[in-house]
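# Structure assessment
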Amino acid sequence: MKKKEFITQDLLSKIYQEDASAPRKLPPERQLAEEYGVSRFTVRQALEKLVSIGAVRIVQGSGIWINETVRNNPLVYNSITEKRFDQMHYRAISLRKRRPDSDEQQIFAINDDAFIWEFSRLRFVDNVAVQIEISRMPASLFADLSGEVIERSIQQYVLAKGYQISHLLTSYRAINVNREQAALLQCKKGSPAMHIINRGILQGGQVYEISDIIDINYTCTYLIPHNSDNLRFRQEQR
């Protein structure tokens, strides 16, 4: 684990140990550098990640303040959501309109005479290709989907059309990239990757997108309360 990642996780664990209601601050950057035996630049990188995931805020001349609300909620962040939009861009590979298969009819609650969009694109982070995404969306909700649109944020596009996003259903599976995927991502065939399946859901339950993503640089961190009920369930003898 890189030192900046260790510092980020260690500071998060300390933040979640505190339950005082009054706002609290982290030690100054110089003091943190001394405690961890690293440069101030490394500490600054760790603090930038804490800022990006909403755990702290840095107030010039005042210090590094912990966002109190973060202690009361589960925290989930990954290698994509912690990046700013200006660090990412997309390159469209394909876009077509077609009839849905039976599974897609079920997911989108549409008939076999409806149409869906299917598109594929590459996602670049800091100018490095890290993801291949194949997505499908109901054409009835997104009649103006275009190549220009899919080279931007789909979530921002959906929100700009006046829809309200309720939640995302996501699953993960470790895989190795095949020859075609390796050529697009400019990596070796057989390189480890994460297969991520997303289902985006609007307020009211309408699914607006299903996507299959191959990511060669994926990490995800969860900070959640201990679930004693789940532990008891798993310990039950059947």
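For every chain, the first residue of its written sequence is number 1, and the numbers climb from 1 along that sequence. Local features are withheld for residues below a pLDDT of 70 in this predicted model, meaning they are given only at 70 or higher, and side-chain atom pairs are given and counted only at 80 or more; totals for whole chains, interfaces and linings count all residues. To obtain the side-chain values, all non-hydrogen atoms of the structure were used and water was disregarded.

As recorded in an unreviewed UniProt entry, the protein chain goes by the name GntR family transcriptional regulator, listed as coming from Pantoea nemavictus.

## Re the overall build of the protein chain
The condition is simple: Only runs of H or I of at least four residues qualify as helices and only runs of E of at least two qualify as strands under DSSP, and these elements are numbered from the N terminus. Relative accessibility thresholds used throughout: buried, under 20% of the residue-type maximum; exposed, over 50%; partly exposed, between the two (1.4 Å probe, protein chains only). In this analysis, two residues are considered to be in contact whenever any of their non-hydrogen atoms come within 4.5 Å of each other. We get accessible surface area from the Shrake-Rupley algorithm with a probe of 1.4 Å; when it comes to residues, only the shown protein chains can shield them. By the counting scheme adopted, Arg and Lys are positive, Glu and Asp are negative, and His together with the chain ends is not counted. Think of each charge as sitting on NZ of Lys, CZ of Arg, CG of Asp or CD of Glu.
Helix and strand counts for the protein chain come out as 7 helices and 11 strands. Structurally, the protein chain occupies a C-alpha span of about 65 × 45 × 40 Å along its principal axes. Expressed as a percentage of the 238 residues in the protein chain, the buried residues total 39%. Summarising the internal contacts of the protein chain: among those between residues at least 6 apart in sequence, 59% fall at separations of at least 24. Put simply, the protein chain shows about 14,600 Å² of open surface, and 48% of that area lies on carbon and sulfur atoms. Side-chain charges of the protein chain comprise 32 positive and 28 negative groups, with the mean position of each set lying 4 Å from the other.

## Observations regarding the side chain of S135
Filter applied, for reference: For this analysis, a polar contact is any N or O atom pair within 3.5 Å, provided that within protein one partner can donate a hydrogen and the other can accept it, and provided that sequence-adjacent residues contribute only side-chain to side-chain pairs.
Mapped onto the secondary structure, S135 falls in strand β7 (residues 128-138). Within polar-contact distance, the side chain of S135 engages the side chain of E133 at 2.5 Å. If we skip the residues at most four places from it in the chain, S135 touches W117, E118, F119, E209, I210 and S211.

## Brief notes about the pattern of salt bridges
This is how it is decided: Salt bridge, as used here, is a side-chain nitrogen of Lys or Arg placed within 4 Å of a carboxyl oxygen of Asp or Glu.
For the coordinates displayed, the defined rule picks out 11 salt bridges. One salt bridge connects E104 with R136, and the closest N-O pair in it is separated by 3.2 Å. Linking E104 in helix α4 (residues 102-108) with R136 in strand β7, this pair joins segments that are 32 residues apart in sequence. Of the two residues, E104 and R136, neither departs from the other in class, the shared state being buried. A salt bridge links E148 to R152; its shortest N-O distance comes to 3.5 Å.

## Quick notes on the packing of aromatic side chains
The line we're drawing: By convention, a stacked pair of Phe, Tyr or Trp rings (six-membered ring in the case of Trp) has centres within 6.5 Å and planes under 30 degrees apart, an edge-to-face pair has planes over 60 apart, and any other such pair is tilted.
Tallied over the entire structure, the rule returns 4 aromatic pairs. The interplanar angle of 85 degrees and the centroid separation of 6.3 Å between the aromatic rings of F6 and Y36 together place this pair among those described as edge-to-face. Taken together, the residues F6 in helix α1 (residues 3-17) and Y36 in helix α2 (residues 29-36) connect sequence positions 30 residues apart. Given the relative accessible area of 13%, Y36 is considered buried.

## Some words on helix α3 (residues 40-52)
Convention followed: To estimate the expected span of a helix, subtract one from its residue number and multiply by 1.5 Å. This arc describes the spread of directions from the helix axis toward the C-beta atoms.
Spanning 13 residues, α3 covers 18 Å between terminal C-alpha atoms, matching the ideal 18 Å at 1.5 Å per step. Those residues of α3 that fall on the buried side of the exposure criterion are T42, V43, A46, L47 and L50. The arc enclosing the buried residues of α3, seen along the axis, measures out at 135 degrees, which places them on a common side. On the buried face of α3, the contacting elements are α1, β1 (25-26), α2, β2 (56-59) and β3 (63-66).

## Quick notes on the sheet that holds β1
Which entries qualify depends on this criterion: Between any two strands, at least two bridges found by DSSP are needed for them to pair. Only C-alpha atoms enter the line fits that serve as axes; for helices the fit covers just the stretch in contact. Angles between N-to-C directions range over 0 to 180 degrees.
Ordered in space as β1-β3-β2, the 3 strands form an open sheet in which the pairing is antiparallel. One side of each edge strand has no neighbouring strand; the edge strands of this open sheet are β1 and β2. With 2 bridges joining them, β1 and β3 adopt antiparallel strand pairing. Within the sheet, the bridge partner assigned to K25 lies in β3 and is W65. Sheet strands in contact with α3 are β1, β2 and β3, and its direction is about 115 degrees off that of β2.

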